[in-house]
Each structure stands twice: as C-alpha cells, then as structure tokens.
Amino acid sequence: MKVLYLISDLVKGGASDALEDLANNLNSEIVDFKFDIFAKVNSRDIFCHTGDAEDLIILLENVSYDIIHYFKTSDQYYFDGIIDKIQKKKEEIIVPRIIITHCQLPSTFSLRLTPKEIQYASVVVFICKTAYDHKFHALIERKSMIYFGVPSSEIDPKKDYNSGQDKIVFVRGSDLNKCPTNFLHLYKKIKSERGNFIIAGRGERARKRFSKIAAKLGISEEIQFVGHLQRREWYNVLSESDIYLYQLPLNAYSAIDGTIQQAMLTGIPVVYLGPPAPAELLLHNESGYIAKNEKQFISFAKQLVDDEVLRKKIGKNGRLRILEHFSHQSTVENYNKLYSNILEINNFPKKVPLILTIEYYLAQVIYRFRMLMLRIYNFIIYRFKSLPSYL
C-alpha cells in the first residue's frame, strides 16, 4: 500500500507533527506500507515533495498511490485547487482514494470543509467528538472520528513534586495567537507570591504585546517567553514545571490539543478554560480541572498551588488517562483499520446535500462581507491617525 500525505504547510509542531508521527508508526504496522509527503511549503528537516497543484499532478502521473491522505489545517482552498487539476487529468491518472483528516474546529469560515472536500473524500476523519458532532458536519455521510494521541515513549513521568523551591512553576504551550488578552491578569491573581510562568509558542508580535502587559502588571520578572521549542526541549520544560495553565478564547479553533496531552503524560496537573474540544481529554476533578469561567479557573489553580499532594494525585491520574484512553498506539491502530478498509469504499464522487452547499456559500458571502468591512474600518483608522495633530 502506498500513501501520499498531503498538507498545505509542513511546519514544526501541530498537525505536521501528527502527520509525521502517524506515517512513521504506520510504516511498521502495515505490510509493504510506503509513504510520501507533499506540501506547498516545507519548513521541517524531513524529505517532502513540494510545489503547487501542477507539481502534484506530475507526481501522480509518475507514481501510483492507493490513498491520498489530506491533513486539512487552515488553507481553505488548497484541496479544491488540487481536485480541479486531478479532474482534468482523471483520464490519464489513476485517482487514489482520498482521506481527509480535519485537524481543527470550524470556528471561522476559513476552517470549514468545502463542498468539494466533502464530495471527493472517501471518508472525512474528525479528531474529537466536538468536531464530529458539529452542526456543519451533520449531513456528511462517510465520516469517522479518531482521536490523535501523542507518542509517549520520549516523555518521562514526573517524579519530584517537591522541588524544594519557594516558587511554583506554571507553564503553557501553544501559538501565542491562542492566548486570550487577559491570561496574564488571571495568572497574577493565581500566583500569589510564589509564581513563575514559562510560556512556549511562536508569535513574535503577540510576545511583544504580552510583554508590555506583563510590565504594566508588574510581573515581567516572573514571565519567561521561550518561543517554539523542539520536542526534547519542551519535554525538559514540562518535567521542571508544576502546573499547566491553559486558557483559550471561547471561539478558539483548537480541537484535540497535543500540548495538553504532553503535559498530562509528564504528570503535570492541567487547569483548563476554553472551548469544549480540548476538555474531552480531561475528567474534571480527577485527571485535571475544567473551569467554566475565570473565577473557577483561578480557584482551581490556587488549590493546586497550595497542595503538593493534590498536584501529585491529579498529575498521575492525568498520565493514566492519556495512556488508557488517548494513546498514540490507539491512533495508529484505528488508522490501520481505516487504511485496510478504504479500498472497499466506492471511489466515485458523492452528492453533497443541496442545503449544505447553500449554507456554505451563504457563509462565504457573509465572511467576505465582514472582511471587506474590516478592511474599510482599518483604512479609515489608518487615515485618521495619519492626519496632522492640529486637525
């Protein structure tokens, strides 16, 4: 079996890590399994075919693939453009079965599945129940749900819950554009006199903005922005931390969050506030804390600050929860089954319900109108700011 993994941008972290982990582990599970990766942009240190849709067609003309497995992240029309090219060449190439793994929630229009993606996918895989049950996906006939677990072999469980230091080390890992504007304000209410907060994730502009906020709050010396870390570096940070503080905007696009899993596998108790999908990883008050509001978020975190025994209990339960219910091995086994059965599915494009198509294009019009209004607003603000001060 030969699989072509397809993703718009192969970057460090996130869906790209999930793709590589899956491909490398499936390689030892399926007899004669071989794979290639194709991306528009490759910023990782691994081999990958790169180029546009025309380059992909040339690859398909020269290599016979059984499956194209597309990891949909945030490029709305990447797949559509490729399908258009494939359809023009369908008499000259063997069109593989297509699996789409939808790696995000459709919290904005740009993250929604297009009618063409639904039409040409042999199956759409969602990575959490929240996405699987979403109203936009209710009419999709051929769909599945497979949690994405993270590999645990390199993550050692935390042993020392009493570092002997006066300070509690808080940690958070995600792109900084996922940080709510008030998350440092909540940290200040949590940490009392014992705080130290390590914040990992890419986003230079956001880092500068939050650094200014930290200065205004008088906590600059306690906040450490470390940027995007390689896995080993990130695991080392986790092993030296005490509490994983994870607040997300309620409209965040996170589905199943890998950094929460990595923290739980390390044995660090997690306090979470945000949209429902990442909360699927936790059992409240047993393997972590799920806050419904900012007041609860602060309260749960303070309980952990004051109770070393509780930190250890919740942390160990969190590790067991991931190993038992969200293991990477389960992910591999479920995709093994899907790959084995996919060739039995009819490869003809399926009809997309008319109501779904109408709803999609109506949402597209609304989205573009909002973007136009935002551009006009920004233009007016820019022009106003550029006027002489005496006007």
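To be clear, the structure that these remarks concern was listed above.
These numbers come from a predicted model, not from an experiment.

Here we come to the sheet that holds strand 7 (residues 143–145). Taken in spatial order, the 7 strands make up an open sheet running 3-2-1-4-5-6-7, and their pairing is parallel. The two strands at the open ends of the sheet, each matched to only one other strand, are strand 3 (49–50) and strand 7. In this structure, strand 2 (residues 34–42) lies alongside strand 3, joined through 2 bridges in parallel fashion. Its bridge partner being in strand 3, Phe 38 is matched across the sheet by His 49.

Evaluation of the coordinates by the stated rule reveals 22 aromatic pairs. Between Phe 109 and Tyr 360 the ring centres are 5.1 Å apart and the planes differ by 40°, which places this aromatic pair in the tilted class. Here Phe 109 is found in the loop between strand 5 (97–102) and helix 4 (115–120), whereas its partner Tyr 360 is found in helix 14 (residues 354–385), with 251 residues between them in sequence. The class of Phe 109 is buried, set by a relative accessible area of 8%. Residue class for Tyr 360 comes out buried when judged on its relative accessible area of 2%. Measuring from ring centre to ring centre gives 5.1 Å for Tyr 289 and Phe 300, while their planes differ by 20°; the resulting arrangement is stacked. One end of the pair, Tyr 289, is in strand 13 (residues 289–290); the other, Phe 300, is in helix 11 (residues 294–306), with 11 residues separating them in the sequence. For Tyr 289, a relative accessible area of 1% puts it in the buried group. Under the relative-accessibility criterion, Phe 300 is labelled buried at 12%. Among the aromatic side chains, those forming a connected cluster through ring pairs are Tyr 5, Phe 33, Phe 35, Phe 71, Phe 148, Tyr 335 and Tyr 339.

With that settled, consider the nonpolar core. Judged by nonpolar contacts, the single largest core of 91 residues is most densely connected at Tyr 5, Tyr 244 and Tyr 339. Counting residues in each nonpolar core, the second largest holds 33 residues, with Tyr 187, Phe 210, Leu 217 and Ile 243 among its members.

Before going further, it helps to examine helix 2 (residues 53–62). Taken together, the buried positions of helix 2 are Ala 53, Leu 56, Ile 57, Leu 59 and Leu 60. Angular distribution of buried residues about the axis of helix 2 spans 160°; they occupy a single face of the element. Its buried side turned inward, helix 2 meets strand 1 (2–10), strand 2, strand 3, strand 4 (67–72) and helix 3 (78–88). Sitting at the head of helix 2, Asp 52 places a side-chain oxygen 3.1 Å from the backbone nitrogen of Glu 54.

Our focus in this paragraph is the sheet that holds strand 10 (residues 223–227). One open sheet accounts for 6 strands, arranged 10-9-8-11-12-13; its pairing is parallel. Every other strand in the sheet has two partners, leaving strand 10 and strand 13 as the edge strands with one partner each. Along the sheet, helix 8 (residues 231–239) makes contact with strand 8 (168–173), strand 9 (195–200) and strand 11 (243–247), crossing strand 8 at roughly 145°. Where helix 9 (residues 258–266) meets the sheet, its contacts fall on strand 8, strand 11 and strand 12 (270–273), and the angle it forms with strand 11 comes to roughly 160°.

The subject of this paragraph is empty space enclosed by the protein. Counting across every chain of the model gives 3 cavities of 30 Å³ or more. Taken as a whole, the largest cavity encloses approximately 50 Å³ of empty space. Taken together, Arg 112, Leu 113, Ile 118, Phe 136, His 137, Leu 356 and Tyr 360 form the lining of the largest cavity. Residues that form the lining of the largest cavity fall into these classes: 5 nonpolar, 1 polar and 1 charged.

Here Arg 142 is to be found in the loop between helix 5 (129–132) and strand 7. Between the alpha carbons of Arg 142 and Ser 122 there is a distance of 6.9 Å; along the sequence they are 20 residues apart. If near-sequence neighbours (up to four positions away) are discounted, Arg 142 is found in contact with Ala 121, Ser 122, Val 123, Val 124, Ile 345, Asn 346, Phe 348 and Lys 350. One polar contact links the side chain of Arg 142 to the main-chain carbonyl oxygen of Ser 122, over a distance of 3.1 Å.

The rules we used
Residues numbered from 1 in each chain as written. Predicted model: local features only at pLDDT ≥ 70, side-chain atom pairs only at ≥ 80, totals over all residues. Heavy atoms only, no water. Pairing = 2+ DSSP bridges. Helix = DSSP H or I, 4+ residues; strand = E, 2+ residues; numbered from the N terminus. Phe/Tyr/Trp six-rings, centres within 6.5 Å; stacked < 30°, edge-to-face > 60°. Buried < 20%, exposed > 50% of the residue type's maximum accessible area, 1.4 Å probe, protein only. Core = buried A, V, L, I, M, F, W, Y, C linked by side-chain atoms within 4.5 Å. Arc of directions from axis to C-beta. Contact = heavy atoms within 4.5 Å. Polar contact = N/O pair within 3.5 Å; in protein donor to acceptor, adjacent residues only side chain to side chain. Axes fitted to C-alpha atoms, helices over the stretch in contact; angles between N-to-C directions. 1 Å grid on protein atoms, 1.4 Å probe; cavity = no way out; pocket = protein on both sides within 12 Å on 5 of 7 lines; lining within 4 Å. Points joined across faces, edges and corners; volume = space filled by probe spheres on them. Nonpolar A, V, L, I, M, F, W, Y, C, P; charged D, E, K, R; others polar.

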